[in-house]
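Secondary and tertiary structure notes
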Amino acid sequence: MKAQQTARLELSEQEMRDYGYKVVDAIVAHHLNQHKEKPVAQASRAEMDSLLRENVPENATAVDDVFNTVMEKVMPYTNIMSHPKFYSFVPGPSNYVSAMADALATGFNVFSGGWAASPAAAELEIVTINWLLNLYGFPKKRGGGIFTSGGSMANLTALITARNIKCGDDFSKAVIYLSDQAHSSNIKAIRVMGFRKEQIRLIPTDMEFKFSINKLKNAINKDRLEGWKPFCLLASAGTTNTGTVDQLTELSEIAKKEDLWFHIDGAYGGAAILSKNGKQLLKGVEKADSLTVDPHKWFYQPYEMGCLLVRNHKWLSGTFTEVPEYLKDVEGNKSEINFYDHGIQLTRRFRALKFYMSVKTFGLKAFREAVQYNFDLCEKVESILRKSAKWEVVSPATLAVINFRYHPIDQDLSEEELDALNSKISERVVNSREAMLVTTVLNGQIVLRMCLINPRTTLADVEETIALCEKMAE
Ligand SMILES: Cc1ncc(COP(=O)(O)O)c(C=O)c1O
């Protein structure tokens, strides 16, 4: 009988080693060769069903067969988010050290919920959160935070905390302000929390896609006159569409004056603080009551890793602590943090390990250089586009995001024709599977959006993609 057929769910020592080496070999090959693959996966439900659908297997299958099935039928049908020509949404450049750290954390099945279960895991979360608090100029002693599955959960955790601190249990008249460029995860969080639509104020943005400060002030005043209770102002440090950073200092002053919680969603752009230009753009970030950053984006970590930082760690424990009788014995003393008291999850994976191991291995300097490289690359792309008679820059290189559209100066095209042309270019490029480049809408115009946060994307990669777009426009 094969080992995996026993009820202990075990492989023999040799099988475990062979299996592990195969997995590592596959991951290394992926890291070395992914740029030669096509970044876009396309398959219909019917195609996937015909490849993978089966009844639950009652009996064992040879380990190699299962592995081969996955390598042949699963992995080739996923987008390669770390591919140098994956430009859309927010790519996931990742890094090998962190991938191995995730394997270690999962291999040891570390429970990163409470201090007693794993003092070292809690300590590493404290250590790495402190690195981040320091980076963003948050209070050293009082500041705190937690790693989450991603930016959405970090925003949700922040807004629950904000509501608890500012409103307590009565939030029937509470209203929250965010711009029309804020990420949809915030609206989702607000809705999940049970707020009604009339408690959400989407403030229009100006020509640069920043908060319209005047409209925000008017909205707050009107709400107070009507008996609403403004409680939270949410700014973006790097909008997903254009990389725009809201006027953080000015907004923080409004929040202070109006006694509003000031949350900054830096899930996309937070990591820009590592570079000189980014630090300048993110001025005022240290004024936030809470800040979302998302290491699985521009800190080059594999999924899933988000992070919430707060000015006062007691805000989190005061919001999320529950002490049921079965956790009383493991509560520990006050200095020993139980991260299950700082957020929603009780059982949590050991996310801090990958951040710790990758930053230790490469040094923060390497991360700074990578972010600066991304900034510089995006600016070079902007100057190439501006010099061309075929392209129009719609939103300039900002935090390594650029929006542009095909608009040859010698062709007299209407807005509708330009929209159709740029949609066609994107569709054809994506269907070629050579690059992932989708559109977004800015000021009612359909534009191509390029997010250049992969440190392994070269200028030549982008030039090839622009040439491909031009070919697809014909
Ligand atoms: C500004 C911003 N906030 C929040 C999120 C949501 O983050 P996640 O996808 O990690 O949940 C994103 C994702 O792109 C984002 O760009």
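Quick caveat: nothing in here was measured; it's all calculated off a predicted structure. (Residues numbered from 1 in each chain as written. Predicted model: local features only at pLDDT ≥ 70, side-chain atom pairs only at ≥ 80, totals over all residues. Heavy atoms only, no water.)

**Things to note about the overall build of the chain**
Per the secondary structure count, the chain includes 15 helices and eleven strands. Referenced to the eigenvectors of the C-alpha coordinate spread, the extents of the chain come out at roughly 75 × 60 × 45 Å. Put simply, the chain has 474 residues, and 50% of those count as buried. Put simply, of all contacts in the chain between residues at least 6 apart along the chain, 73% involve residues at least 24 apart. Entry remark: accessible area of the chain is about 23100 Å², with carbon and sulfur atoms responsible for 54%. (Helix = DSSP H or I, 4+ residues; strand = E, 2+ residues; numbered from the N terminus. Buried < 20%, exposed > 50% of the residue type's maximum accessible area, 1.4 Å probe, protein only. Contact = heavy atoms within 4.5 Å. Areas by Shrake-Rupley, 256 points an atom, 1.4 Å probe, with all protein chains shown as cover.)

**A word on the domain arrangement of the chain**
The domains assigned to the chain are domain 1 (3–36 + 42–77), domain 2 (110–362) and domain 3 (366–472). The distance between the C-alpha centroids of domain 1 and domain 2 comes to 37 Å. (Domains from an automatic or database assignment.)

**Section: the pattern of salt bridges**
Throughout the structure, instances matching the rule amount to 23 salt bridges. Between Glu 434 and Lys 38 there is a salt bridge, with the nearest N and O atoms lying 2.5 Å from each other. Remark: Lys 38 occurs in the loop between helix H1 (13–33) and helix H2 (45–52) and Glu 434 occurs in the loop between helix H14 (415–432) and strand S10 (439–442); sequence separation between them is 396 residues. With a relative accessible area of 34%, Glu 434 lands in the partly exposed category. (Salt bridge = Lys/Arg side-chain N within 4 Å of Asp/Glu carboxyl O.)

**Re helix H9 (residues 248–258)**
Residues spaced three or four apart along an α-helix face the same direction, because each turn holds 3.6 residues. Restricting attention to buried positions, one finds in H9 the residues Leu 248, Leu 251, Ser 252, Ile 254, Ala 255 and Glu 258. Each buried residue of H9 lies within a common arc of 160° when the element is viewed along its axis, so the set occupies one face. Facing away from the buried side of H9, by more than 90 degrees, are the exposed residues Glu 253, Lys 256 and Lys 257. Where H9 is buried, its residues contact helix H8 (213–225), strand S4 (229–236) and strand S5 (261–266). Just past H9, the residue Asp 259 takes up positive phi, approximately 60°. (Arc of directions from axis to C-beta.)

**A word on the pairing of strand S8 (residues 391–398)**
Judged from the five bridges that link them, S8 and strand S9 (residues 401–406) form a sheet pairing that is antiparallel. Bridge assignment links Ser 395 to a residue of S9, and that residue is Asn 403. Linkage of S8 to S9, two consecutive antiparallel strands, is achieved through a turn of two residues, within which Leu 399 is found at a positive phi near 50°. (Pairing = 2+ DSSP bridges.)

**Points about the packing of aromatic side chains**
One pass over the full model with this rule turns up 15 aromatic pairs. Measuring from centroid to centroid gives 5.8 Å for Trp 298 and Phe 375, while their planes differ by 20°, and the two rings are stacked. Of the two residues, Trp 298 sits in the loop between strand S6 (290–293) and strand S7 (306–310) while Phe 375 sits in helix H13 (residues 364–387), which places them 77 residues apart along the sequence. Residue Trp 298 shares its accessibility class with Phe 375, and that shared class is buried. Look at Trp 391 and Tyr 406: their rings are 5.1 Å apart centre to centre, the planes differ by 75°, and that puts the pair in the edge-to-face class. Of this pair, Trp 391 sits in strand S8 while Tyr 406 is found in strand S9, placing the two residues 15 residues apart along the sequence. We note that Trp 391, like Tyr 406, is buried. (Phe/Tyr/Trp six-rings, centres within 6.5 Å; stacked < 30°, edge-to-face > 60°.)

**A few points about the pairing of S7**
Regular strands have side chains that alternate between both faces of the sheet. Of all five residues that make up S7, five are buried, and the element is covered over most of its length. Covered by surrounding structure in S7 are Gly 306, Leu 308 and Val 310 together with Cys 307 and Leu 309, the residues of both alternating faces. In this structure, strand S1 (residues 144–148) lies alongside S7, joined through five bridges in antiparallel fashion. By the bridge assignment for S7, Thr 148 is matched with Gly 306. Bridging between S6 and S7 involves four bridges; their strand directions are antiparallel. Bridge pairing in S7 places Val 293 opposite Cys 307.

**Concerning the sheet that holds S8**
On the basis of which strands lie adjacent, the open sheet formed by four strands has the order S8-S9-S11-S10 and antiparallel pairing. The sheet is open, and its two edges are formed by S8 and S10, each paired on a single side. Put simply, the sheet's adjacent strands are angled 35° from each other on average, direction ignored. Pairing geometry for S9 and strand S11 (residues 445–451), over four bridges, is antiparallel. Bridging from a neighbouring strand, Ile 402 pairs with Met 450 of S11. (Axes fitted to C-alpha atoms, helices over the stretch in contact; angles between N-to-C directions.)

**Re the nonpolar core**
Where a protein is soluble and globular, its nonpolar side chains tend to be buried together. With 88 residues, the main nonpolar core has Tyr 136 and Trp 298 as its most contacted residues. Among the elements that take part in this core, H13 stands out by supplying eight residues, more than any other. Look past the residues within four positions of Tyr 136 in its chain and what remains in contact with it is Gly 270, Ala 271, Ile 273, Val 285, Glu 286, Leu 291, Val 293, Phe 299 and Leu 309. Ranked by size, the runner-up nonpolar core spans 30 residues in total, among them Cys 167, Ile 200, Phe 231 and Trp 261. (Core = buried A, V, L, I, M, F, W, Y, C linked by side-chain atoms within 4.5 Å.)

**Regarding the environment of Glu 331**
Counting through the fold element by element, Glu 331 comes out in the loop between helix H11 (313–320) and helix H12 (352–362). Sequence-distant contacts of Glu 331, that is, excluding residues within four places in its chain, are made with Val 323, Glu 336 and Asn 338.

**So, the site of the ligand**
Among the 15 residues in the neighbourhood of the ligand, the closest are listed as Gly 151, Ser 152, Asp 265, Asp 294 and His 296. Between the ligand and the protein, one listed contact pairs an oxygen atom with a backbone N or O atom of Gly 151 at 2.8 Å. The separation between an oxygen atom of the ligand and a polar side-chain atom of His 296 is 2.7 Å. Taken by itself the ligand offers 390 Å² of open surface, and the protein chains cover 84% of this. The dominant element in the shell around the ligand, judged by the number of residues it contributes, is helix H6 (residues 151–167), at three residues. Here the shell around the ligand is built from residues that sort into three nonpolar, nine polar and three charged. (Near = heavy atom within 4 Å. Polar contact = N/O pair within 3.5 Å; in protein donor to acceptor, adjacent residues only side chain to side chain. Nonpolar A, V, L, I, M, F, W, Y, C, P; charged D, E, K, R; others polar.)

**Structural notes on the UniProt feature "modified residue: N6-(pyridoxal phosphate)lysine" (unreviewed entry) in the chain**
The positions UniProt marks with the feature "modified residue: N6-(pyridoxal phosphate)lysine" (unreviewed entry) are Lys 297. Within the secondary structure layout, Lys 297 lies in the loop between S6 and S7. Its relative accessible area of 18% is what places Lys 297 among the buried residues. Beyond its immediate chain neighbours, meaning those up to four positions away, Lys 297 contacts Val 90, Pro 91, Pro 93, Ala 267, Tyr 268 and Ile 453. One polar contact links Lys 297 to Asp 294, side chain to side chain, over a distance of 2.3 Å. (UniProt positions renumbered as here; feature names shortened; annotations may be inferred.)

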